[in-house]
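Reading the structure
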Amino acid sequence: MLRAAKGFEATYNGLTYRAKKGEQVEGLPTSLLTILKRDGIVKESRTSKKETADD
Amino acid sequence: MINTSIGLLGVARQESKTKAAPTPTFRHGLTGGGLIKPERTVEQKNVACGLRANTTNGAYVSEVNMAVDFETLAYADSLVLYILAAMGNIVTTSAEKPGYYKHVITLGSEIPFLTFWGQVGNTSAATVHKATGCKIDTLLLSFEGNAPLDIGITAAGIDAALFGGWSGETEPSCFDGYFIPTNGVFKFSPNDQTPIEVLVTKGEFELSNSLTSYRGAGRVIASEVAESKLKTTVKQTIIPEDYTEIRKVLTGSENGTTVTNKVVYGSAAWEFTHSQDPNCTMSVVFSNVPWNCETPEIDPEGSAAEVEFSADDIGVAAKDGSPVTITIVNKVQTYAAA
């Protein structure tokens, strides 16, 4: 499961995507995900949103 | 008279091609340019009618181009929108300092539409023109010494409303400072992707979308403004310590002795500071640059050689690559359409 390590807004190839910190991230183009993962904006997470927030 | 020292430009991102922005998101000062210029092309249909001159009714307007051109400073807020509109993609996150945002702009498949407002002369004379459905044609950034960065922009639109006034009360950016080379960091590598600091005296890059206007029969204003491939050109002049950089470009290695028949790909990275806000920063990173260079010329008066390294069209080396990556930190939270 992918979650936003920090809130982001992205305009990518004409479409705009947003996520708040800790939100599950899905439906993003693979190439955008590659960039977001590379820059540490989106990370793999095995915990639920509540657990992530509690951490 | 029309006082040309009174000028202001407004800009906002449009939701779609036909939906103009209602008010400017940014307004800023200018250092030159004609702002919004309806360019009418008048042609003459030759008619022989008993006299040795054409008839007056042979003249017709063949096309009207809604051109936008201006020169300005690198204002931290509006510059992001211009670069986004030239390149296409942006990722915005919070910066380390609260209240600041980091915008990373890269090559995208589509570029957004902008609405421009341009004023030349006193507004009491209804001097504000508005151009809509605009795309950025070229964006030029240049610097030399410690002078403020110069930004030159050309754009083209599909409609305009002339001789109006401003809508909204957006505060102009003119008073908030701009990006400058002072205390910046300038790196360069002629043949690898890890640039190192060098003595750069001046530099520039241009993003060009090579716009083409299309108009249907019966319509003088363009119905469609289409972009082509993004062409990124870059130039920078350095004072080299020795022949190492020139040798790497010419021969492909630091100890080569024959001119290489292969392209040597290097890189460059420029970091600029802000004239008023130390938390605002700008970096420009070029990768896979097919550098070419001059060689030093004799000067009997004597001086250190300045050598220009340039590349005409930087490509991408991966499917998610970008010829240039521009990162700006400023106080603007979003560049989505208003």
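As the structure is a computational prediction, the values presented were derived from the model and not from experiment.

On a plain count of helices and strands, chain A comes out with two helices and four strands. Going residue by residue from the N terminus, the α and β elements of chain A occur as β-β-β-α-β-α. Taken over 55 residues, chain A has a buried fraction of 36%. Across chain A, contacts joining residues at least 24 apart in sequence account for 39% of those joining residues at least 6 apart. Here chain A has roughly 3500 Å² of accessible surface; of this, 48% comes from carbon and sulfur atoms.

A few words on the sheet that holds strand β6 (residues 101-107) of chain B. The strand order across the open sheet formed by nine strands is β3(A)-β2(A)-β5(B)-β6(B)-β21(B)-β18(B)-β17(B)-β11(B)-β12(B), and the pairing between neighbours is antiparallel. Of all strands in the sheet, those bounded by a partner on one side alone are β3 (15-19) of chain A together with β12 (196-197) of chain B. Across seven bridges, the pairing between strand β5 (residues 88-94) of chain B and β6 of chain B is antiparallel. Across the sheet, residue Ile90 of chain B finds its bridge partner in β6 of chain B, namely Ile105 of chain B. The sheet contacts of helix α1 (residues 76-87) of chain B involve β5, β6, β11 (179-189), β17 (265-274), β18 (281-290) and β21 (324-330) of chain B, and relative to β21 of chain B the element is tilted by about 155 degrees.

The next subject is the pairing of β5 of chain B. A large share of β5 of chain B lies buried, amounting to six of its seven residues. Summarising the sheet, strand β2 (residues 8-12) of chain A and β5 of chain B pair through four bridges and their orientation is antiparallel. By the bridge assignment, Ala10 of chain A is partnered in β5 of chain B with Val91 of chain B. The turn joining β5 of chain B and β6 of chain B, which pair antiparallel and follow one another in sequence, is formed by six residues; a positive phi near 90 degrees is taken by Gly99 of chain B.

The interface is formed by 17 residues belonging to chain A together with 15 residues belonging to chain B. Around 1300 Å² of area is buried between chain A and chain B when both sides are counted, 46% of it from carbon and sulfur atoms. Counting across the chain A and chain B interface gives zero salt bridges. Between the two partners, chain A and chain B, sit six residue pairs in polar contact (both at pLDDT 80 or more). Elements with a contribution of two residues or more to the side of chain A that touches chain B: β2, β3 and α1 (30-38) of chain A. Within the side of chain A that touches chain B, the residues separate by chemical class into seven nonpolar, seven polar and three charged.

Of all hydrophobic cores here, the largest spans 66 residues; its most connected members are Phe116 and Met282 of chain B. Examining the composition of this core, we find that 10 residues originate from one element, α1 of chain B, more than from any other. Formed by 16 residues, the second largest nonpolar core is a distinct cluster that contains Leu28, Leu33, Ile35 and Ile41 of chain A.

Residue and element names in this part refer to chain B. With 12 residues, α1 should cover 16 Å at 1.5 Å per step; its first-to-last C-alpha distance of 17 Å lies within 8% of that length. Three or more residues of α1 are buried, namely Ala76, Asp77, Ser78, Leu79, Val80, Leu81, Tyr82, Ile83, Leu84, Ala85, Ala86 and Met87. Of the residues one or two after α1, Gly88 is the one with positive phi, at around 120 degrees.

Quick look at the confidence of the model for chain B now. In this model, chain B carries an average pLDDT of 94, and 100% of its residues clear a pLDDT of 70 or more. Scoring of the predicted complex yields 0.93 for pTM and 0.81 for ipTM.

Turning to the side chain of Ser142 of chain B, a few remarks are in order. Residue and element names in this part refer to chain B. Tracing the sequence through the fold places Ser142 in strand β8 (residues 128-144). For Ser142, a relative accessible area of 17% corresponds to the buried category. Excluding its chain neighbours within four sequence positions, the residues that come into contact with Ser142 are Leu149, Asp150, Gly203 and Glu204.

Here we take up the environment of Leu199 of chain B. All names here are of chain B. Position of Leu199 relative to the elements: it lies in the loop between β12 and β13 (200-208). Put simply, Leu199 and Ala12 are 187 residues apart on the chain and 37 Å apart in space, counted from C-alpha to C-alpha. Here Leu199 is in contact with Thr237, Ile238 and Ile239, once residues within four sequence places are set aside.

Another aspect to go through is the pattern of salt bridges. Scanning the model with the defined rule gives seven salt bridges over all chains in all. Two residues, Glu9 of chain A and Arg18 of chain A, come together in a salt bridge whose shortest N-O distance is 2.8 Å. The partner of Glu63 of chain B in a salt bridge is Arg215 of chain B, and the shortest N-O contact between them spans 3.5 Å. In this pair, Glu63 of chain B sits in strand β4 (residues 59-73) while Arg215 of chain B sits in the loop between β14 (212-214) and β15 (224-226), placing the two residues 152 residues apart along the sequence.

So, about the environment of Thr115 of chain B. Residues and elements named next belong to chain B. Within the fold, Thr115 resides in strand β7 (residues 114-120). The buried category is assigned to Thr115, whose relative accessible area is 0%. The spacing of Thr115 and Lys130 is 15 residues in sequence and 7.1 Å in space, taken between C-alpha atoms. If near-sequence neighbours (up to four positions away) are discounted, Thr115 is found in contact with Gly10, Val11, Ala12, Gln14, Ala20, Ala21, Lys130, Ala131 and Thr132. A distance of 3.0 Å separates a polar side-chain atom of Thr115 from the backbone nitrogen of Ala21.

How each quantity is defined
- Residues numbered from 1 in each chain as written.
- Chains lettered and ligands numbered in written order.
- Predicted model: local features only at pLDDT ≥ 70, side-chain atom pairs only at ≥ 80, totals over all residues.
- Heavy atoms only, no water.
- Helix = DSSP H or I, 4+ residues; strand = E, 2+ residues; numbered from the N terminus.
- Buried < 20%, exposed > 50% of the residue type's maximum accessible area, 1.4 Å probe, protein only.
- Contact = heavy atoms within 4.5 Å.
- Areas by Shrake-Rupley, 256 points an atom, 1.4 Å probe, with all protein chains shown as cover.
- Pairing = 2+ DSSP bridges.
- Axes fitted to C-alpha atoms, helices over the stretch in contact; angles between N-to-C directions.
- Buried area = accessible area lost by both parts, 1.4 Å probe.
- Salt bridge = Lys/Arg side-chain N within 4 Å of Asp/Glu carboxyl O.
- Polar contact = N/O pair within 3.5 Å; in protein donor to acceptor, adjacent residues only side chain to side chain.
- Nonpolar A, V, L, I, M, F, W, Y, C, P; charged D, E, K, R; others polar.
- Core = buried A, V, L, I, M, F, W, Y, C linked by side-chain atoms within 4.5 Å.
- Expected span 1.5 Å × (residues − 1).
- pLDDT = per-residue confidence, 0-100.

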